[in-house]
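Fold and contact review
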Amino acid sequence: MPGVVAAPRPTAAMELPVEPQSLKKLSFKSLKRALDLFSPIHGHYSPSDPESKRIRISYKVQAEFGSVANLSGQQAREQNNPGGLGKGDQASTATALALPGSQEAKASQNDGNQNAIVPAPTMLPKGPEIGTASRNTGTVLSGTDRYQSTSALMERIPSRWPRPTWHPPWKNYRVISGHLGWVRSIAFDPSNSWFCTGSADRTIKIWDVASGRLKLTLTGHIEQIRGLAVSQRHTYLFSAGDDKQVKCWDLEQNKVIRSYHGHLSGVYCLALHPTIDVLLTGGRDSVCRVWDIRTKAMVMALSGHDNTVCSVFARPTDPQVVTGSHDTTIKFWDLVAGKTMTTLTHHKKSVRAMALHPKERAFASASADNIKKFNLPKGEFLHNMLSQQRTIINSMAVNEEGVLATAGDNGSLWFWDWKSGYNFQQAQTIVQPGSLDSEACIYALSYDISGSRLVTCEADKTIKMWKEDRSATPETHPLNFKPPKEFRRY
C-alpha cells in the first residue's frame with residue numbers, strides 16, 4: 001500500500017532479553033555444577049596405581065637389602081654366616097643387615113653412640129592395599145590404616161642437622177673504665193699480654209690483659225678511631241678513624257712514624273695481610289685501599305662497592321681480601337689483578353661484621369636480617385644461624401672452640417655454636433651507673449689469642465671482659481636444641 005512502511009521483524013535478541021543475574025546466583029550455579037560433576041565419586045578413594053606401587057616397594061627393598069639383594073641363596077648364607085657362626089651370632093648379623101639407613105648410622109648404632117647424627121628409622125608394618133575393602137570384614141579402610149600403609153612404603157628421613165656441641169655459658173668478670181667517649185675498636189697483641197682500644201675521645205689506650213690496668217695512652221687522631229690492628233711481624237700498631245687518616249705507630253717509640261693518605265672520607269675498617277706487608281682499609285668512599293706499610297704508597301684501590309665498606313679481612317690464599325659493605329654485598333678480591341672474583345648477594349641489609357674461622361675454611365657474616373655462614377674459597381652458602389638477633393650487629397668473633405659471639409646495637413651479646421648454628425646463650429650488657437639505657441650498645445668485640453677471654457667495647461665508655469663459667473655443667477645448663485624443620489637455601 002503506498003505510503004505505509006512495513007514494521008521490522010523482531011530479532012532473536014529482542015525475543016529473548018538477557019536477565020541480569022546477581023553474583024550470588026552465579027556462584028550458586030557454579031557450586032551446583034561442581035556438585036553434579038563430582039557427586040557420583042564423592043567419598044571414594046582414587047584407584048591405586050600398581051606400577052607406582054611396584055616402584056616404591058622395589059626402592060624400599062633396594063634401600064634395605066641392597067647389599068644382599070643380588071646374591072644367590074648360598075652366597076647370602078655364606079655372607080650371613082662367615083666362618084660358621086652360632087645361632088646367636090647369626091641373629092645379630094641378620095639384625096645388623098636389617099638396619100635401614102646409611103653406613104654411618106649403622107656403625108654408630110652398633111657402637112652404642114648416643115650422639116649419632118643419623119639414627120636408624122623405625123619402619124611400620126605393611127598395611128592393606130589402599131582403596132580396597134578388607135577381605136575379612138568387607139568394610140572400607142579407615143584413614144588410620146590408609147596412612148599407615150603409606151608410611152610403611154615411604155622411607156622416613158631423619159634430621160641430618162648436626163647436633164650442637166655443649167659449651168659453658170659466658171659471664172662478665174671485669175668492667176674497665178677510662179675512656180671519655182664511645183669505645184669503637186679493639187685489637188690484641190700477638191703475645192697476648194696487652195690489648196688496645198680506640199675511642200670517640202680520639203685516643204688509643206693500651207691495657208694489660210691479666211690485670212686490666214691502663215699501660216699507655218696514644219694521642220694523634222682528631223676524630224673517633226674506628227679500626228685497630230697489631231702487626232705480628234713488626235712492632236707496629238695501625239689505626240684508622242673518621243678523620244680520613246690511617247696511621248702507623250711504632251710501639252718502641254710510642255709515636256706515629258707513617259701516615260697513609262688517600263681516603264676521601266672516614267675510614268671504617270682496617271686489616272693486615274697475614275703473610276705480606278700489606279694493609280687493607282675500607283671507608284665511606286666505597287673503596288677498599290691496599291697500602292704498602294713500608295713505603296706509605298697505595299698499591300691499589302679495590303673499587304666496586306656502591307656504598308660504605310664497613311668490614312674487611314685478609315687471608316693468605318685466594319681470595320686474599322674479603323669485604324662487606326652497606327650495599328648488602330660481600331666481595332672476594334683477586335689481590336694480584338685488583339679485580340672482583342665473586343660477589344655474594346645473600347644479605348638484604350648492610351654487612352657490618354664478618355668473622356673468619358681460625359681453623360676451618362669458612363667465615364660468617366652478619367647483618368640485621370640474618371647471620372650467614374659461607375664456605376671458602378668459592379663462597380658457597382652453607383646455612384643461616386638458627387635464630388635471629390633482630391638488631392643491627394656491629395661486630396662478631398669466633399674462637400678455635402667454635403664459639404661465635406655477636407654484638408648488637410641494643411646491647412645484646414649472643415653466643416652460638418659454630419657447627420650447628422644453635423644459639424646457646426643470650427646475654428645483655430648492663431650500662432655503668434650514670435649512663436643512659438640507650439647507651440647499652442656494643443660497638444666492637446674480640447677474643448684474646450687463646451680464645452678463653454672475650455672483650456667488648458661499648459657505648460657507655462666501658463670495656464667489659466667475659467670468660468666461661470667453669471662451674472656450669474651439661475646438667476645445670478642443658479641444651480634445648482630442636483633441629484630446623486625446613487632448610488633455607490638462601
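As the structure is a prediction and not an experimental result, all values here were calculated from the model.

A closer look at the sheet that holds strand β21 (residues 381–384)
Here we have four strands laid out as an open sheet, ordered β18-β19-β20-β21, and antiparallel in their pairing. The open sheet terminates on both sides in strands that have one partner only, identified here as β18 (353–356) and β21. When the angles between neighbouring strand axes are averaged without regard to direction, this sheet yields 20°. Inspection of the sheet shows strand β20 (residues 371–375) paired to β21 by three bridges, in the antiparallel sense. For Phe374, the partnering residue across the bridge sits in β21 and is Phe381.

What to know about the side chain of Gln389
Following the sequence through the fold, Gln389 ends up in the loop between β21 and β22 (393–398). Excluding residues within four positions of it along the chain, Gln389 makes contact with Ile371, Thr406, Ala407, Gly408, Ser412, Leu413, Trp414 and Trp416.

Side note on the pattern of salt bridges
Pairing between side chains of opposite charge can happen when the charged atoms of each approach one another. For the structure on display, the rule yields nine salt bridges. For Arg289, the salt bridge goes to Asp285, with nearest N and O atoms at 3.2 Å. What makes Arg289 buried here is its relative accessible area of 9%. Here Glu458 makes a salt bridge to Lys464, at a shortest N to O gap of 2.9 Å. Lys464 shares its class with Glu458; the two are buried.

Here we look at the packing of aromatic side chains
Under the defined criterion, the tally for this structure stands at 14 aromatic pairs. Judged by centre distance (5.6 Å) and plane angle (5°), the rings of Trp170 and Phe415 are stacked. Separated by 245 residues along the polypeptide, Trp170 in strand β1 (residues 170–177) and Phe415 in strand β24 (residues 412–417) bring together distant segments of the chain. Measuring from centroid to centroid gives 6.3 Å for Phe415 and Phe424, while their planes differ by 40°, and the two rings are tilted. For the pair Phe415 and Phe424, one class covers both residues: buried. One aromatic cluster is present, built from ring pairs that chain together Phe313, Phe332, Phe363, Phe374 and Phe381. Sitting above the plane of the Tyr443 ring, Arg184 keeps its charged end 4.0 Å from the centroid.

So, the environment of Thr295
Considering the arrangement of structural elements, one finds Thr295 in the loop between β12 (287–292) and β13 (298–303). The exposure class assigned to Thr295 is partly exposed, which follows from its relative accessible area of 47%. Distance from Thr295 to Tyr260, taken between C-alpha atoms, is 9.3 Å for residues 35 residues apart in sequence.

Observations regarding the pairing of strand β11 (residues 278–283)
The buried fraction of β11 is high, at six of six residues. On β11, burial covers both faces: Val278, Leu280 and Gly282 on one face and Leu279, Thr281 and Gly283 on the other are all buried. As paired strands, strand β10 (residues 267–272) and β11 are joined by five bridges and run antiparallel to one another. Each bridged residue has a counterpart across the sheet, and for Cys269 the counterpart in β11 is Gly282. Hairpin connection from β10 to β11: five residues lie between these consecutive antiparallel strands. Relative to β12, β11 runs antiparallel, the two sharing five bridges. Within the sheet, the bridge partner assigned to Leu280 lies in β12 and is Val290. Connecting β11 to the next strand, β12, in antiparallel fashion are three residues, including Ser286 with a positive phi near 65°.

With respect to the nonpolar core
Counting 17 residues, the largest nonpolar core has Trp170, Ala405, Leu413, Phe415, Leu445, Tyr447 and Leu454 as its most contacted members. Counting only elements with at least two residues in this core, the list comes to β23 (403–408), β24, β25 (423–428) and β26 (442–447). Non-local contacts of Leu454, meaning those with residues more than four positions away in its chain, are made with Trp170, Ala405, Leu413, Phe415, Leu445, Ser446, Tyr447, Lys464, Met465 and Trp466.

What about the confidence of the model for the chain?
Per-residue pLDDT for the chain averages 82, and the proportion of residues at 70 or more is 74%. Low confidence marks residues 84–149, where pLDDT is under 50. Its contacts with residues over four positions away, or in another chain, come to 61 contacts.

Reading the values: rules and limits
Throughout, residues of each chain are indexed from 1 in the direction in which the sequence is written. A pLDDT threshold of at least 70 governs which residues receive local features in this predicted model, and a stricter bar of 80 or more applies before side-chain atom pairs are shown or counted, although totals over entire chains, interfaces and linings include all residues. Side-chain numbers come from the whole structure's heavy atoms, not from hydrogens or water. DSSP bridges decide pairing: two strands pair if at least two such bridges lie between them. Here a helix means four or more residues in a row that DSSP labels H or I, a strand means two or more in a row labelled E, and each is numbered from the N terminus. All axes here are fitted lines through C-alpha atoms, helices being fitted over the stretch that makes contact, and every angle between N-to-C directions spans 0 to 180 degrees. By definition in these notes, contact holds between two residues if any of their heavy atoms fall within 4.5 Å. A carboxyl oxygen of Asp or Glu within 4 Å of a side-chain nitrogen of Lys or Arg is what we treat as a salt bridge. Note on exposure labels: buried denotes an accessible area under 20% of the residue type's maximum, exposed denotes more than 50%, and partly exposed covers the range between, all computed with a 1.4 Å probe on protein chains only. Each Phe, Tyr or Trp ring, with Trp reduced to its six-membered ring, pairs with another whose centre is within 6.5 Å; inter-plane angles below 30 degrees give stacked pairs, above 60 give edge-to-face pairs, and intermediate values give tilted ones. By definition, being over a ring means that NZ of Lys or CZ of Arg is both within 6 Å of the ring centre and within 35 degrees of the ring normal. Take the buried Ala, Val, Leu, Ile, Met, Phe, Trp, Tyr and Cys residues and link them wherever side-chain atoms come within 4.5 Å; each set so joined is a nonpolar core. What pLDDT conveys is the predictor's confidence in a given residue, as a value from 0 to 100.

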